[in-house]
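# Close look at the chain arrangement
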Amino acid sequence: MGKKMIIAMLIAIMYVSNTQAQTKKTVEDPDNLAKDYFSQIMGIAVSATSNVKLYQFVYDWIGTPYRLGGDTKRGIDCSGFAFQLYDKVFNTVIGNNSRNIFTMVNPVSKDDLKEGDLVFFKIKSRAISHVGVYLGDDKFAHASSSRGVTISNLNESYWKRYYYKGGRLIESLKEQL
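Below is a short write-up of the structure. As the structure is a computational prediction, the values presented were derived from the model and not from experiment. (Residues numbered from 1 in each chain as written. Predicted model: local features only at pLDDT ≥ 70, side-chain atom pairs only at ≥ 80, totals over all residues. Heavy atoms only, no water.)

By size, the foremost hydrophobic cluster in this structure holds 28 residues, and its most contacted members are Val58, Phe81, Leu85, Leu118 and Phe120. Elements with a minimum of two residues in this core: helix H3 (52-61), helix H4 (78-90), helix H5 (98-102), strand S4 (118-121), strand S5 (130-136), strand S6 (139-144) and strand S7 (148-153). Among the elements that line this core, the one with the most residues is H4, at 6 residues. Setting aside residues no more than four positions away along its own chain, Phe81 makes contact with Phe57, Val58, Trp61, Ile76, Ala141, His142, Ala143 and Val149. Within the second largest apolar cluster, 10 residues are counted, among which are Val119, Phe140, Leu154 and Trp159. (Core = buried A, V, L, I, M, F, W, Y, C linked by side-chain atoms within 4.5 Å. Buried < 20%, exposed > 50% of the residue type's maximum accessible area, 1.4 Å probe, protein only. Helix = DSSP H or I, 4+ residues; strand = E, 2+ residues; numbered from the N terminus. Contact = heavy atoms within 4.5 Å.)

Attention now moves to the sheet that holds S4. Taking strand neighbours across the sheet as the criterion, the 6 strands line up as S3-S8-S4-S5-S6-S7 in an open arrangement whose pairing is antiparallel. Looking at which strands have only one partner, the edges of the open sheet turn out to be strand S3 (105-108) and S7. Within this sheet the neighbouring strands show an average axis-to-axis angle of 35°, counted without direction. Both S4 and S5 contribute to a ladder of 4 bridges, which runs antiparallel. Its bridge partner lying in S5, Leu118 is registered against Val133. This element, H3, spans S5, S6 and S7 of the sheet and lies at about 125° to S5. Contacts from H4 reach S4, S5, S6, S7 and strand S8 (163-169), with the element oriented near 45° to S5. (Pairing = 2+ DSSP bridges. Axes fitted to C-alpha atoms, helices over the stretch in contact; angles between N-to-C directions.)

Encoded structure:
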């Protein structure tokens, strides 16, 4: 009788622990992964990420290699990344190179940048040669020639040195497109 009781208890314990293990399994939610990622990277509360679609898009492209003229996940350049982001996140078509894109914005001071604004750089050039998308807290997403799609800080010495201007897409252009 003692052995039967022990076996019954072991079976009951295994059943309960198996049931608990199955109920603890959760499906990873991509939106929550993106929020958590940006919350950690940017040091902001998950609830403060107002444009989940923007952060999800960037999250999905992080690590995509750089390729001049590229516009796919196999390789993309800075203007291709900005173009894809605006198309998919904001349903808006913008220019296909950083100089064209700059003609479509109203300049915005660095202090007034908002999520989704564009940031432009003149890297070792008199002309605009790089574009990124502002995320908040001085961070921006872009396709770096050395690191692929990544997030950088406007206050890093390199980006500070070459920063030109920020810009917000002209409202009348949004309506025409």
